[in-house]
Amino acid sequence: MKVLIVGSGGREHAIAWKVSQSPKVDKIYCAPGNAGIGQVADCVDIGAMEIDRLVAFAKEQAIDLTIVGMDDPLVAGIVDAFEAEGLRVFGPRKNAAILEGSKAFSKELMKKYQIPTAAYETFTNPEEAVAYLEKTSYPIVLKADGLALGKGVLICETKEDAKEGVKTLMLDKQFGSAGDTIVIEEFMTGREVSVLAFSDGKTIQCMTSAQDHKRAKDGDQGLNTGGMGTFSPSPFYTDEVKAFCERYVYQATIDAMAKEGRPFIGVLFTGLMLTKDGPKVLEYNARFGDPEAQVVLPRMKNDLIDVVEACIDGKLDQIQLQFEDNAAVCVVLASKGYPEHYEKGIPIQGFENFEGKEGYYCFHAGTKREGEQIVTNGGRVLGITAKGKDLKEARENAYQATEWITFANKYMRTDIGKAIEDKETEGTVYHV
Ligand code: AMP
Ligand code: GLY
């Protein structure tokens, strides 16, 4: 079969690699892809938001299955456009991708169906938002309603910061129309966990858990980024927490969406905070996480094509999702200066060191080919993943593998997965 993947980051490389393992697949295309994806797929020069061109390409090439990796095209309705032409495609339709596309929608859904999340208010008027800031307690969290590359969340320590935040989002429109509506929500503390799950609209099956490291610098300092590294599984995601979430969060969300006439078919990514009052939803995404996919997919035993087809055909209940009983760590190699200013076009050396190394992966995020040379082409450049029998070993292996790659402005966090060392200090227990 012929498969098309839409997107160009480390997540799409992980998806393309996993798809390439399927005996059912003869040919993989990726639009637009990157230098690493080009090793397992034919990269097509069509942007992820050029939906009409993607539909035309899929028809022309008789693509049997399209997998959409990125959020923007999903929120814009790429799945509806493919389905309208009778093309098979994996991802939520526009009316379900809104779960990621609008925080006001997702918060209202959670409130209506009693899915645990932070208390909140929604505002479309900046004056009303500022009036609310007078009577609330601090810290407080401001969120742009729409997509903002993961950067539309402001944690404000004081009233002054929060007022400034309202200005940034609603008046200065730093994230454009994404800030026309904002959500102001209670600040929560606790350990964060990302759980990705497949859904066919009725049944939901969770993948193994992961934890992202969003801040740019060690010790969770610095600016928020797209993600500087991940580990899987999360030792904080205990069986009790999992059982609670399966019942009161994931299945409840899928049932709620079905009831609203918005069946969610695709990958539901739930960002959770494990607070002392129980797990609460931080956010939903409507696709695989990046870089969560880079640690979750290498541990997945199933053929991804089987699972994706079962979701599309409404037969996910017939799939036994299985993961290896080990661990994986992904360390992102970024360009120095990310997420602000950084140079691109810098030659990268050392890819050959990964050849023939079982359990080690070099997923490309921001790279491109210039003649024979692969050069940096983004803030996040590569995701170096390694597996190990446990998190400690996976972490050692991943950091060792980061040394196999060199480029002039290489930057990484040195504490990805270090949190596992203080897991004894956590002790939250939940009763289902
Ligand atoms: P989001 O895009 O909603 O996941 O938010 C990005 C990051 O902001 C999360 O990963 C959290 O670290 C933080 N965050 C979001 N909402 C809250 C909240 N209500 N309380 C504390 N931190 C939050
Ligand atoms: N790693 C967070 C995300 O994919 O949104």
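Residues numbered from 1 in each chain as written. Chains lettered and ligands numbered in written order. Predicted model: local features only at pLDDT ≥ 70, side-chain atom pairs only at ≥ 80, totals over all residues. Heavy atoms only, no water.

Per an unreviewed UniProt entry, the recorded name for the chain is Phosphoribosylamine--glycine ligase, and the organism is Candidatus Scybalomonas excrementavium. Note on the chain: under the UniProt heading Sequence similarities (unreviewed entry), the record states "Belongs to the GARS family." Listed in UniProt under the heading Pathway (unreviewed entry), the comment for the chain reads: "Purine metabolism; IMP biosynthesis via de novo pathway; N(1)-(5-phospho-D-ribosyl)glycinamide from 5-phospho-alpha-D-ribose 1-diphosphate: step 2/2." (UniProt positions renumbered as here; feature names shortened; annotations may be inferred.)

Taken in spatial order, the four strands line up as β11-β10-β16-β17 in an open sheet, and their pairing is antiparallel. A strand with exactly one partner marks an edge of an open sheet, and here the two such strands are β11 (204–206) and β17 (278–285). The sheet shows a mean angle of 35 degrees between the axes of neighbouring strands, taken without regard to direction. (Pairing = 2+ DSSP bridges. Helix = DSSP H or I, 4+ residues; strand = E, 2+ residues; numbered from the N terminus. Axes fitted to C-alpha atoms, helices over the stretch in contact; angles between N-to-C directions.)

Backbone torsion omega between Y138 and P139 reads 0 degrees, so that peptide bond is classified as cis. Topologically, P139 is positioned in the loop between α7 (126–135) and β7 (140–144). Here the bond from D290 into P291 is cis, since omega is 15 degrees, no more than 30 degrees from zero. Looking at the element boundaries, P291 is found in the loop between β17 and α10 (293–296). For D220, which is not glycine, the phi dihedral falls at a positive 55 degrees. Along the chain, D220 falls in the loop between β13 (215–217) and β14 (221–224).

Tallied over the entire structure, the rule returns 11 aromatic pairs. Put simply, the rings of W17, Y361 and F363 pair up and form one aromatic cluster. A cation over a ring is seen here: K27 above Y29, with NZ or CZ 5.4 Å from the ring centre. Positioned above the aromatic ring of W404 is the side chain of K357, whose terminal nitrogen or guanidinium carbon lies 4.5 Å from the ring centre. (Phe/Tyr/Trp six-rings, centres within 6.5 Å; stacked < 30°, edge-to-face > 60°. Lys NZ or Arg CZ within 6 Å of the ring centre and 35° of its normal.)

Not every one of the 13 residues close to ligand 1 is listed here, only the nearest: E185, E186, M188, E192 and E283. Interatomic distance of 2.8 Å between a backbone N/O atom of M188 and a nitrogen atom of ligand 1. Coverage of ligand 1 by the protein chains reaches 92% of its 470 Å² of free accessible surface. Counting only elements with at least two residues in the shell around ligand 1, the list comes to β7, β8 (153–156), β9 (182–186) and β17. Tallied by class, residues from the shell around ligand 1 come to six nonpolar, no polar and seven charged. (Near = heavy atom within 4 Å. Polar contact = N/O pair within 3.5 Å; in protein donor to acceptor, adjacent residues only side chain to side chain. Areas by Shrake-Rupley, 256 points an atom, 1.4 Å probe, with all protein chains shown as cover. Nonpolar A, V, L, I, M, F, W, Y, C, P; charged D, E, K, R; others polar.)

Moving on, we get to the site of ligand 2. Around ligand 2, the neighbouring residues are D212, G226, F269, N285, R287, G289, D290, P291 and E292. R287 is positioned with one of its side-chain polar atoms (N or O) 2.8 Å from an oxygen atom of ligand 2. Measuring from a nitrogen atom of ligand 2, one finds a side-chain N or O atom of E292 at 2.7 Å. Computed on the free molecule, ligand 2 has an accessible area of 200 Å², of which 89% lies beneath the protein chains in the complex. A per-class count over the shell around ligand 2 returns two nonpolar, three polar and four charged.

Another aspect to go through is the packing of α7 against helix α8 (residues 159–171). Two elements in contact, α7 and α8, have axes whose closest approach is 10 Å; the angle formed by their N-to-C orientations is 165 degrees. In this view, α7 runs roughly antiparallel relative to α8, as classed from their interaxial angle. α8 is crossed by α7, and the crossing has right-handed handedness. Contact residues: α7 offers P126, A129, V130, L133 and E134, while α8 offers K159, A162, K163, V166, M170 and L171. A breakdown of the residues in the contact of α7 with α8 according to their chemical character gives eight nonpolar, no polar and three charged. (Parallel < 35°, antiparallel > 145°, perpendicular 65-115°, else oblique. Left-handed = near helix turned anticlockwise from the far one by under 90°. Contact = heavy atoms within 4.5 Å.)

Next up on the list: the pattern of salt bridges. Within the structure shown, the criterion is met by 26 salt bridges. Linking E185 and K107 is a salt bridge whose minimum nitrogen-to-oxygen distance equals 2.7 Å. Highlighted residues: E185 in strand β9 and K107 in helix α6 (residues 103–112), separated in sequence by 78 residues. The residues E185 and K107 share a single accessibility class, namely buried. Linking E134 and K159 is a salt bridge whose minimum nitrogen-to-oxygen distance equals 3.1 Å. With E134 in helix α7 and K159 in helix α8, the pair connects residues that are 25 residues apart, well separated along the chain. (Salt bridge = Lys/Arg side-chain N within 4 Å of Asp/Glu carboxyl O. Buried < 20%, exposed > 50% of the residue type's maximum accessible area, 1.4 Å probe, protein only.)

Another point: the nonpolar core. Side chains of a nonpolar character, in soluble globular proteins, are inclined to be buried together. Ranked by internal contacts, the top residues of the largest apolar core, which has 49 residues, are I78 and F82. Among the elements that make up this core, the one with the highest residue count is helix α9 (residues 239–259) (nine residues). Once you skip the residues sitting within four places of it in the chain, I78 turns out to touch V6, A48, I51, L54, V68 and P73. In terms of nonpolar packing, the next biggest core, distinct from the first, is built from 43 residues, W17, A41, V296 and V308 among them. (Core = buried A, V, L, I, M, F, W, Y, C linked by side-chain atoms within 4.5 Å.)

Right, let's talk about α6 for a bit. Three- or four-residue spacings in an α-helix give side chains the same orientation, since the helix completes a turn every 3.6 residues. Along α6, seven of the 10 residues are buried, which leaves the element largely enclosed by surrounding structure. Residues of α6 that are buried: K103, A104, F105, S106, K107, L109 and M110. Between a side-chain oxygen at the N-terminus of α6 and the backbone nitrogen of A104 the separation is 3.4 Å; the capping residue is S102.

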